[in-house]
Amino acid sequence: MTFPTGSRFSPLLALAHDLADRSGAVIRPQFRKTIAVANKASADAFDPVTKADQGAERAISRLIRQRAPGHGIVGEEFGSERPDSPLQWIIDPIDGTRSFITGTPMWGTLIGLLHEGTPVLGMMDQPFTRERYWSAEKASYLREASGKPRKLRTRACPQLSDALMMTTSPDLFERGAEEDGFGRVKRAVRMTRYGGDCYAYCLLAAGFVDLVVEAGLKSYDVVALIPIVERAGGRITTWDGRPATAGGRIVASGDPALHARALKLLNR
C-alpha cells in the first residue's frame, strides 16, 4: 500500500474529524462533574481512568469499525484490533486524565494514524474549550470555538537561553540519567512550565512554546502529535534522536537548532 495522499488522504482526515466529534460528545457532558475514578496501576502507583475515557474510546472504535473495517486500532484503554493492517489508528481518549479529574482543561483526545509504522495524520481535540489541532498533508491547523481554521507555525528560537519549555510533571523523570538530563535543560532555558500533556505539544506547534521534554510516554501519548509538530515546522524525536513513534523519552522543539542543543544537553 502506498502512502495515502491527495484523494486518499482527504477521507482519512474527514474520518478523524468525525471521530473527534463522536468522542467529544461522550466526554464533554462528564467534565467537571462528579465521576468515579479507578486506578489502573498497582497499589503503590496511580494511573487514573474514568467512564469518560472508556466511553470515548468505545465510540471512536465503533465508528472506525463502521467506516474503515479493514483498519487496525490501538487504544489506551482496550488494546489493539487488526494489528496486521497497514493503517493503524492510535487512540488516547483522554490524554491528561489527571487534569480531567481535577477540572483542569489541559487535556485532549488524541487520534493518530500510522501507515506501515509511519505517522501520517494527527489530531488533538479539546471538546470543552472547542479547540481542535490537526495535521493536513503539508501543514498543521487549529480551529478554535469561532470555527475558522488557521495554519500553525512554530517560532524561531535557536538558543536555549531564550526558550520557553513545558513538561507535564517533574515526576515523569526517573532518578539518575533522566532527572539529570532534564535538570540540565531546565537550568539552561528561560522558563519552565508544568502541566499540559498533549496541550504542550500543540502550543509548541502554534508558536507559543519552544521546547517540550518528557519521559515514560507510550505510543498513544505521542503518535498523533508527531505530524502536528512536524508539519508546523518543528522536530520531535526521542532523546537519542530516533523516531518518537514508540514513545519513551521524548523531546519536541519548534526550531531545529534548538532541538540539536537540547539533545546535546540531555545526553551529556
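Presented here is an overview of the structure given in this document. Quick caveat, the model's predicted, so the values are computed rather than measured.

### A short note on the nonpolar core
Here is step 1: Residues Met-124, Tyr-133, Leu-152, Tyr-201, Val-212, Ile-236 and Ile-250 are the most contacted members of the largest nonpolar core, which totals 29 residues.
Here is step 2: Among the secondary structure elements, those contributing two or more residues to this core are helix H5 (198-205), strand E13 (211-217), helix H7 (225-230) and strand E15 (248-253).
Here is step 3: When residues no more than four places from it in sequence are discounted, the contact partners of Ile-236 are Tyr-201, Val-222, Ile-226, Val-229, Glu-230, Ala-244, Ile-250, Val-251, Ala-252 and His-259.

### Brief notes about the pattern of salt bridges
Here is step 1: In the structure shown here, the tally under the stated rule is eleven salt bridges.
Here is step 2: With a closest N to O distance of 3.3 Å, Arg-190 and Asp-162 form a salt bridge. Of the two residues, Arg-190 sits in the loop between helix H4 (177-188) and strand E12 (191-194) while Asp-162 sits in the loop between strand E10 (149-151) and strand E11 (164-167), which places them 28 residues apart along the sequence.
Here is step 3: For Arg-190, a relative accessible area of 59% gives the class exposed.
Here is step 4: Given the relative accessible area of 37%, Asp-162 is considered partly exposed.
Here is step 5: The closest approach of N and O atoms between Arg-249 and Glu-178, which form a salt bridge, is 2.9 Å. In this pair, Arg-249 is assigned in strand E15 and Glu-178 in helix H4, connecting sequence segments 71 residues apart.
Here is step 6: Residue Arg-249 is classed as partly exposed on the basis of its relative accessible area, which comes to 36%.
Here is step 7: With a relative accessible area of 8%, Glu-178 lands in the buried category.
Here is step 8: Here the residues in one salt-bridge network are Asp-21, Asp-125 and Arg-132, joined through shared partners.

### Quick look at the sheet that holds strand E3 (residues 72-75)
Here is step 1: Taken in spatial order, the eight strands make up an open sheet running E4-E3-E5-E6-E7-E8-E9-E10, and their pairing is mixed. Bordering the open sheet on either side are strand E4 (79-81) and E10, each of which pairs with just one other strand. Averaged over all adjacent pairs, the angle separating strand axes in this sheet is 15°, with direction ignored.
Here is step 2: Bridge analysis of strand E6 (residues 108-115) against strand E7 (residues 118-126) gives seven bridges, and the strand direction is antiparallel. Opposite Leu-113, over in E7, you have Leu-121 as the bridge partner.
Here is step 3: Relative to the sheet, helix H1 (residues 10-27) contacts strand E5 (87-95), E6, E7 and strand E8 (131-135), its axis offset from that of E7 by approximately 35°.

### As for the layout of surface pockets
Vacant regions in the atomic arrangement are exposed by a probe of water-molecule size rolled over the atoms.
Here is step 1: In this structure, the largest pocket spans a volume of roughly 810 Å³.
Here is step 2: Lining the largest pocket are 35 residues, with Asp-47, Arg-98, Leu-172, Asp-197 and Asp-221 sitting closest to its centre.
Here is step 3: Within the residue set of the lining of the largest pocket, elements represented by two or more residues are E5, helix H3 (97-101), H5, E13 and helix H6 (219-222).
Here is step 4: Within the lining of the largest pocket, the residues separate by chemical class into 13 nonpolar, nine polar and 13 charged.

### Description of the sheet that holds E11
Strand pairing in a sheet relies on backbone hydrogen bonds, with the paired strands running either antiparallel or parallel.
Here is step 1: With mixed pairing, five strands are arranged side by side in an open sheet as E12-E11-E13-E15-E14. The open sheet has two edge strands with one neighbour each: E12 and strand E14 (235-238). This sheet shows a mean twist of 20° between the axes of neighbouring strands, independent of strand direction.
Here is step 2: Relative to E15, E13 runs antiparallel, the two being bridged by five bridges. By the bridge assignment, Val-212 is partnered in E15 with Ala-252.

Rules and cut-offs
- Residues numbered from 1 in each chain as written.
- Predicted model: local features only at pLDDT ≥ 70, side-chain atom pairs only at ≥ 80, totals over all residues.
- Heavy atoms only, no water.
- Core = buried A, V, L, I, M, F, W, Y, C linked by side-chain atoms within 4.5 Å.
- Buried < 20%, exposed > 50% of the residue type's maximum accessible area, 1.4 Å probe, protein only.
- Helix = DSSP H or I, 4+ residues; strand = E, 2+ residues; numbered from the N terminus.
- Contact = heavy atoms within 4.5 Å.
- Salt bridge = Lys/Arg side-chain N within 4 Å of Asp/Glu carboxyl O.
- Pairing = 2+ DSSP bridges.
- Axes fitted to C-alpha atoms, helices over the stretch in contact; angles between N-to-C directions.
- 1 Å grid on protein atoms, 1.4 Å probe; cavity = no way out; pocket = protein on both sides within 12 Å on 5 of 7 lines; lining within 4 Å.
- Points joined across faces, edges and corners; volume = space filled by probe spheres on them.
- Nonpolar A, V, L, I, M, F, W, Y, C, P; charged D, E, K, R; others polar.

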